[in-house]
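Residue-level structure breakdown
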Amino acid sequence: MIGEILLSLSLALVWLGGVGMVRFRAPYCRLQVAGVADIGGAVLFLTGLIVYSGWHVTGGLMIALILFLLFTGPLATHAIAKSAFVVGVRD
Amino acid sequence: MILLVEVLLGLSAIPPLLVLWRGPTLWDRLAGASSLNLRVALILAAHAALSGHGILLDVALAYAIFGFLGTVLVARFGERGER
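The text that follows walks through the structure, step by step, so that each part is easy to find. Just so it is clear, the model here is predicted, and its values are computed rather than measured.

For the rest of this paragraph, the subject is a nonpolar patch on the surface. Residues A:Trp15, A:Val19, B:Leu3, B:Val7, B:Leu11, B:Ile14, B:Leu18 and B:Leu50 make up a contiguous nonpolar surface patch of roughly 680 Å² in combined accessible area. Within the residue set of the nonpolar patch, elements represented by two or more residues are helix H1 (2-23) of chain A together with helix H1 (2-11) and helix H2 (14-22) of chain B. Structurally, the position occupied by B:Leu50 is in helix H3 (residues 26-51).

Here we come to empty space enclosed by the protein. Applying the stated criterion to the full structure yields two cavities of 30 Å³ or more. Here the largest cavity defines a volume of roughly 170 Å³. What lines the largest cavity is a set of 18 residues, among which A:Gly73, A:Ala76, B:Ser34, B:Leu38 and B:Phe68 lie closest to the centre. Taken together, the elements giving at least two residues each to the lining of the largest cavity come down to helix H2 (27-58) and helix H3 (60-87) of chain A together with H3 and helix H4 (55-78) of chain B. Broken down by element, the residue count for the lining of the largest cavity peaks at six residues, all from H3(A).

On to the pattern of salt bridges, then. Under the counting rule described, the total for this entry stands at three salt bridges over all chains. A salt bridge links B:Asp28 to A:Arg30, with the nearest nitrogen and oxygen atoms 3.4 Å apart. You can see B:Asp28 sitting in helix H3 and its partner A:Arg30 sitting in helix H2, one on each of two chains. A:Arg30 matches B:Asp28 in its accessibility class, with the two residues each being buried. For A:Asp38, the salt bridge is made with B:Arg39, and the minimal N-O distance between the two is 2.8 Å. You can see A:Asp38 sitting in helix H2 and its partner B:Arg39 sitting in helix H3, one on each of two chains. As far as burial versus exposure is concerned, A:Asp38 and B:Arg39 are alike and both buried.

Their axes nearest at 8 Å, the elements H1(A) and H2(B) cross at an angle of 20°. By the criterion of interaxial angle, the relationship of H1(A) to H2(B) is roughly parallel. The hand of the H1(A)/H2(B) crossing is left-handed. Across from A:Gly18, A:Met21 and A:Val22 in H1(A), the residues of H2(B) making contact are B:Pro15, B:Pro16, B:Leu18, B:Val19 and B:Arg22. Tallied by class, the residues present in the contact of H1(A) with H2(B) amount to six nonpolar, one polar and one charged.

Calculation notes
- Residues numbered from 1 in each chain as written.
- Chains lettered and ligands numbered in written order.
- Predicted model: local features only at pLDDT ≥ 70, side-chain atom pairs only at ≥ 80, totals over all residues.
- Heavy atoms only, no water.
- Patch = residues over 30% accessible without salt bridge, like charges linked within 9 Å, V, L, I, M, F, W, Y side chains within 5 Å.
- Areas by Shrake-Rupley, 256 points an atom, 1.4 Å probe, with all protein chains shown as cover.
- Salt bridge = Lys/Arg side-chain N within 4 Å of Asp/Glu carboxyl O.
- Helix = DSSP H or I, 4+ residues; strand = E, 2+ residues; numbered from the N terminus.
- 1 Å grid on protein atoms, 1.4 Å probe; cavity = no way out; pocket = protein on both sides within 12 Å on 5 of 7 lines; lining within 4 Å.
- Points joined across faces, edges and corners; volume = space filled by probe spheres on them.
- Buried < 20%, exposed > 50% of the residue type's maximum accessible area, 1.4 Å probe, protein only.
- Axes fitted to C-alpha atoms, helices over the stretch in contact; angles between N-to-C directions.
- Parallel < 35°, antiparallel > 145°, perpendicular 65-115°, else oblique.
- Left-handed = near helix turned anticlockwise from the far one by under 90°.
- Contact = heavy atoms within 4.5 Å.
- Nonpolar A, V, L, I, M, F, W, Y, C, P; charged D, E, K, R; others polar.

Dropping the structure here:
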């Protein structure tokens, strides 16, 4: 039951990230949406998968995937934003 | 239930494709590419849970690593400012 709630919440987050990405025109707004909504939705989704499908199927690897996404998601959006800022994108 | 989740995740990959197609600047496209990588890794993880094959999780982790690497490299390339 909890797994379904988590999965549906994270799907809503991921979908809102997608809608927000199309809706905003400026690169920085899209980066903000891609960084926040997607990573949050992804982490929630993976925890929902752990709760839903039980520990034996996913095991520690899902924790590794969650931790990896938590660390590298904001890193990627920071790298993109920095390169845009250095080149001079000031919308 | 997970099949429905997978289908919805697959459908949710459309907005980043739109951004990739339409985004005027390189950095819009990079944001779309990074978001697309994330969604593909999520679909892989969901399929691993659905079909029970644990090996797909390794594939999802490897895909996330290389997707992140590619995004950062292209972002660093964009810093040189030819565009």
